[in-house]
Amino acid sequence: MKRTTSTFTLLLIGIINCLVLSSQSLTATDIIKKADENFNGEKSSIVTMSMTIIRPTWQRTVEFKSWSLGKEYSLTLITAPAKDAGQTFLKRLNEMWDWNPAINRLIKLPPSMMSQGWMGSDYTNDDILKESSVVKDYTHENTGEETIAGRECYKIKLIPKKDAVVVWGHQIRWVDKKDFLVMKTELYDEDGVLVRTEAGSDIKTMDGRVIQTKIELVPTDEPGNKTVLVIMDVKFNAPLKESFFSQQNMKNLR
Amino acid sequence: MKNYKMAWRNLWRNRRRTIITAASVFFAIFFALLMRSLQLGSYDHMFRNIIESYTGYIQIQQEDFWDNKIIDNVFEFTPALEKAVLSDENAKAVVPRIESFALASVGSLTKGVLVMGIDPEKENLLSGLRGKLVKYRLTIEAISNIKKSELPDKIKNELDQLKDKSFSGDEPLRVELGIKEKDANIMLAPFVKYATFKNNYLIESEKGVLIGDRLSKYLKLNTGDTLVLISQGYHATTAAAKFRVCGVVKLPSPEIDNMIIYMPYDVCQEFYNAPGKITSLAISVRKNSNKSIEAMISRLQTRLKPPLRIIGWREMNQLLLSQMDADNKSGMIIIGILYLVIAFGIFGTVLMMTAERRREFGVLVAIGMQKTKLGAVISIEMLYIGILGILSGIAVALPAILIGYYHPIRITGAAARIYEDYGMEPVMKFMPVDTYFLWQALIVAIIILIAIIYPLNKILRLNTASSLKA
């Protein structure tokens, strides 16, 4: 009897120990999951953004409003500059359409255009369309801790799973310990060469959530090129239905 | 008696032999000239086509544009720049252009096209664009109507082969149908009535476009139809707009004809969101010889500063130039073979002549003629024959070449399509008198000089006794 008790106690202690330990140090997967939920956790969102495309000899700013439901559906309306305003982009699952009021045409983006920059930026159409899940499609490995922009961060290496449809060889993410914000991401190709760097800054509370409102994307192989996204306004959990994301609605958005 | 007089008389002692030898020289010169003229003429014609309808002799561009033809590589077209270029002694006019690519879409048809923003009037001065507007188009309907009218059966039969063909004037249509100039008025009347194609030229600031004849057929576009152009504008803006087709142009180069869309340059600037900017400034020149073009390029180079760059037609047409160079080499090999055949022909007759006259030489030497004098007479004879052949060859080839130059051979029917598939205009044109005449004459003269060596050698080593027994 005594022996049984002691075994049971040992087991209990072990379990408790485990729980305590895990609450103290999260696994790498948990960290990535929390960080992902931070921005993508809500069901739907309406975001107003500006995107500045910086090139060695010029720069240009596009403003747009974007409605999205989960990762599957989104609708984007360009609001500025005047020449581009009124253009809309619809994403439904793996397909993307473009509506241009100047020519009254709905164009489904062909595979050949997938590697081209969206609105001339460093974001390719593929980036927008094939947003893979950083939680499900990768294995995660905690590789240490570093301080980025004055915040202590977990440095986590993400390696894509074998069957995952991912273009990157691997990623390194720096996730802030306090608010679980992704401070910096480095994306590498299959040969382990750094392709681009993304960095978040300007942390603000918007619609009840702490988020970064400025994201900078720097491609490595094109010096002087940069794309800066600034979130001007966010509403989470707006009542959006799947039916909102239709080709009909593309033409009616104002 | 003087050597040359004796040689002349000798020639006509055996008329037939002289004529046969002279004839072989004649044919050598005649064919070589004709082939050369045709080859050089075709290159010249092709270059003129592409230079005059497309690139111009000299262009000014932003320095990166030639290697990377994107709409971001543009430059400001200012009155100061125009003035600076026009102050050059050889500059006739400057023609601004915006050149970029776009997707043209009509209904469910889409095609990548070359968009050219042009100054309608200035461009017309440079490349005569207005004259390239389609005047007649032989649609199936037009052909069936024309067939009902009174025309010779020969022409009616030919009509079926010309289905959907376009003609930018009376002249090409008349030539294609083989109608004589004096009959043109009557014979072309049914074409004017049924096959006339409605066309308007571009008007500055108006949102109309001209499209290539082949492109119009591919996209099934007619005057008055609308097409959509989609592209990326200056600094990655969206360029998308609707345009009305105001006319169709037939360009000689099938490749360009299949992809070109012209629009007024101010409209084009608005479309690509690049007000005041152009991608190239074509310069129309007063003198177009290679020398004056090169001189003009170096003059402009000192006057204009980067990011502007001066680019000559040679650099702009490098691919065509090297293609032509390869073709030219193969042409030269063929001519080389021709010369080889001719050389043996001449040598053969010389050999025979020497053998035939061995006894005569022996007698002459025996009665006291010096061998060197005899050799000189024979040499002069040979030169006479050569000159006779060369001159008669040129005399016959020249009119043929001139006729071919002023009335180029227009290939029709199925053969024409083969030409067009290779991106060439189905025309065989001759090159008028040029330095190549001299070269051919020189080469034949050298062949004759070489041929002289044999009889000279024979004469100088002549054994009088044995030759007398021959």
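Residues numbered from 1 in each chain as written. Chains lettered and ligands numbered in written order. Predicted model: local features only at pLDDT ≥ 70, side-chain atom pairs only at ≥ 80, totals over all residues.

J.: Residue-level account of the overall build of chain A, with values.
T.: Scanning chain A from N- to C-terminus turns up four helices and 13 strands. Burial analysis of chain A (254 residues in total) assigns 24% to the buried set. Once local pairs closer than 6 in sequence are excluded, the contacts in chain A between residues at least 24 apart make up 42%. (Helix = DSSP H or I, 4+ residues; strand = E, 2+ residues; numbered from the N terminus. Buried ≥ 20, exposed ≤ 12 C-beta atoms within 10 Å, placed from the backbone. Contact = placed C-beta atoms within 7 Å.)

J.: Can you explain the interface of chain A and chain B? Please cite residues and give values.
T.: Taken together, the contacts link twelve residues of chain A with eleven residues of chain B. In the side of chain A that touches chain B, the residues fall into five nonpolar, three polar and four charged. (Nonpolar A, V, L, I, M, F, W, Y, C, P; charged D, E, K, R; others polar.)

J.: Tell me about the environment of D170(B), and name the residues and values.
T.: Residues and elements named next belong to chain B. Inspection of the secondary structure assignment puts D170 in helix α7 (residues 170-177). For D170, a count of 17 C-beta atoms within 10 Å gives the class partly exposed. In sequence terms D170 and I452 are 282 residues apart; their C-alpha atoms lie 56 Å from each other. Residue contacts for D170: discarding those within four places in its chain leaves A184 and L188.

J.: Tell me about the packing of helix α1 (residues 3-11) of chain B against helix α16 (residues 371-406) of chain B, and please be specific about residues and values.
T.: All names here are of chain B. Contact geometry of α1 with α16 gives a least axis separation of 8 Å together with a crossing angle of 60°. Considering their axes alone, α1 and α16 lie oblique with respect to each other. Here α1 runs over α16; the crossing is right-handed. Of α16, the residues touching α1 (which contributes N3, Y4, M6, A7, W8, N10 and L11) are K373, A376, V377, I380, E381 and Y384. (Axes fitted to C-alpha atoms, helices over the stretch in contact; angles between N-to-C directions. Parallel < 35°, antiparallel > 145°, perpendicular 65-115°, else oblique. Left-handed = near helix turned anticlockwise from the far one by under 90°.)

J.: Tell me about the nonpolar core, and please be specific about residues and values.
T.: Residue and element names in this part refer to chain B. Grouped together as the largest cluster of nonpolar side chains are 70 residues, with contacts concentrated most on V115, V209, L229, I261, Y262 and M263. Residue-level mapping places this core at the junction of two domains, with at least three residues from each of domain 2 (58-129 + 203-287) and domain 3 (135-196). In this structure, L33, I346, I390 and I459 belong to the second largest nonpolar core, which totals 38 residues. (Core = buried A, V, L, I, M, F, W, Y, C linked by C-beta atoms within 7 Å. Domains from an automatic or database assignment.)

J.: Tell me about the pairing of strand β11 (residues 194-206) of chain A, and please be specific about residues and values.
T.: Residues and elements named next belong to chain A. For strand β10 (residues 182-188) and β11, the ladder comprises five bridges, and the chain directions are antiparallel. Directly across from L187, in β11, lies its bridge partner R196. Across ten bridges, the pairing between β11 and strand β12 (residues 209-219) is antiparallel. Bridge pairing in β12 links E198 to L217. The hairpin formed by β11 and β12 contains two residues between the paired strands, and D207 there has a positive phi angle of roughly 50°. (Pairing = 2+ DSSP bridges.)

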